[in-house]
Amino acid sequence: MRIDRLIAARLENLSRTRVKALIEAGEVVADGAVVRDPARIVHPGARITVRIPPPVAPTQPAASIPLKIIHEDEHLIVVNKQPGLVVHPAPGHREDTLVNALIAHCGDSLSGIGGVARPGIVHRLDRDTSGLLVVAKTDEAHIRLAAAISAREVERAYQAVCWKVPVPRAGRVDGAIGRHPRHRTRMAVVTRGGRAADTRYRTLFDVGGEVSLVECQLGTGRTHQVRVHMASLHCPLVGDTLYGRARTPPAKLDPSVSAQVADFPRQALHAYRLALTHPATGSPLSFEASPPRDFERLLTAMQAARKNPAPALDGTASKRHL
């Protein structure tokens, strides 16, 4: 069997990614010889030694960034991420991310996830997407949470405000997602070379068939998944210029809703619900978070227009489906 799979199976506190890194760093010896190929086949009777170095200090600096903490214990932390905050350091964002904020907040309680003492980012949200995010504080929690997400045992539900109304109003999108063949900064539903992606959705309500509030639940967690899948239904998110386009609200749309969607500065997407099994205690955890103010204002305007539809332009009673 492959040596990386064997080690990961025997040492349950190490992820396959961590095992691969240890092998490539020369920390694994099989029958007296250093192994650097994670795919190396080993046979019964082989003697394998794994050296696990102590975690090194984080390369990212701590940053005093306010965090909206929903839950925290010695194993994990759940935050309600504000829009505009990048999750992990990347070009252009080295010291102003959620990781930098977590290093400042958690201090010495963080474990050596991936060989580096830093917060264990198990899943991510786009910079301009708000909402709930769980972060591991120990190696064990990181491995178990990642496994639970992979096994689809973690519920992640989003509120999305979309242009138009999905057809059908509720359903499932299971199109694989990969790099767009021409626009490399974008993802797309692809027929080959992508990764399986599964989004279940249902329309909660719409305003005149022009904008709708849709709940999306993730079966998988691919890059830009909700944005890509809703765009594939010809219902891109309001404010999402990467997968949609700048739109002029139609004249028949309620003026208060038109004003909100015209000025919305980002994709209208909020991760509002998170439910999981605690990786250490086994107890169920469930959280919900209200959207930020800009999103709340948009929803309020949509709800008001839904209850008080504008009269039809020809003076007769409106027949719009709300």
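Here goes a summary of the coordinates provided.

Rules and cut-offs
Residues numbered from 1 in each chain as written. Predicted model: local features only at pLDDT ≥ 70, side-chain atom pairs only at ≥ 80, totals over all residues. Heavy atoms only, no water. Axes fitted to C-alpha atoms, helices over the stretch in contact; angles between N-to-C directions. Helix = DSSP H or I, 4+ residues; strand = E, 2+ residues; numbered from the N terminus. Parallel < 35°, antiparallel > 145°, perpendicular 65-115°, else oblique. Left-handed = near helix turned anticlockwise from the far one by under 90°. Contact = heavy atoms within 4.5 Å. Pairing = 2+ DSSP bridges. Salt bridge = Lys/Arg side-chain N within 4 Å of Asp/Glu carboxyl O. Buried < 20%, exposed > 50% of the residue type's maximum accessible area, 1.4 Å probe, protein only. Phe/Tyr/Trp six-rings, centres within 6.5 Å; stacked < 30°, edge-to-face > 60°.

This paragraph deals with the packing of helix α6 (residues 255-263) against helix α7 (residues 293-307). Remark: α6 packs on α7, axes separated minimally by 8 Å, with the N-to-C direction vectors making an angle of 155°. Viewed along their axes, α6 and α7 adopt a mutual orientation that is roughly antiparallel. By crossing handedness, the relation of α6 to α7 is classed as left-handed. On α7, the residues that touch Ser256, Val257, Gln260 and Val261 of α6 are Asp294, Arg297, Leu298, Ala301, Met302 and Ala305.

So, about the sheet that holds strand β1 (residues 28-30). Ordered in space as β2-β1-β3, the three strands form an open sheet in which the pairing is antiparallel. Edge positions in the sheet fall to β2 (33-35) and β3 (48-50), since each of these pairs with one other strand and no more. With direction set aside, neighbouring strand axes in the sheet form an average angle of 30°. One ladder, built from three bridges, connects β1 with β2; its direction is antiparallel. If you follow Val29 over to β2, its bridge partner there is Val34.

Quick look at the pattern of salt bridges now. Counted under the stated rule, the structure contains 16 salt bridges. Measuring nitrogen to oxygen at the nearest pair gives 3.0 Å for the salt bridge that ties Lys137 to Glu72. Of this pair, Lys137 sits in the loop between β7 (130-136) and α4 (139-150) while Glu72 sits in strand β4 (residues 69-72), and the two are 65 residues apart along the sequence. Note that Asp198 is salt-bridged to Arg172, the shortest N-O span being 3.0 Å. Taken together, the residues span a long stretch of sequence, with Asp198 in the loop between β11 (187-189) and β12 (199-207) and Arg172 in strand β9 (residues 170-173) at a distance of 26 residues. Residue Asp198 is classed as buried on the basis of its relative accessible area of 6%. Look at Arg172 and you get exposed, because its relative accessible area is 54%. The network of salt bridges with shared partners includes Asp126, Arg227 and Asp240.

Applying the stated criterion to the full structure yields one aromatic pair. Relative to Phe295, the ring of Phe264 has its centre 6.3 Å away and its plane inclined at 80°; by these criteria the two rings are edge-to-face. Here Phe264 is found in the loop between α6 and β14 (269-277), whereas its partner Phe295 is found in helix α7, with 31 residues between them in sequence. An identical accessibility class is assigned to Phe264 and Phe295; each is buried.

This part takes up helix α5 (residues 225-232). Of all eight residues in α5, six are buried, a share of seventy percent or more. Those residues of α5 lying buried are Gln225, Val226, Arg227, Val228, His229 and Met230.

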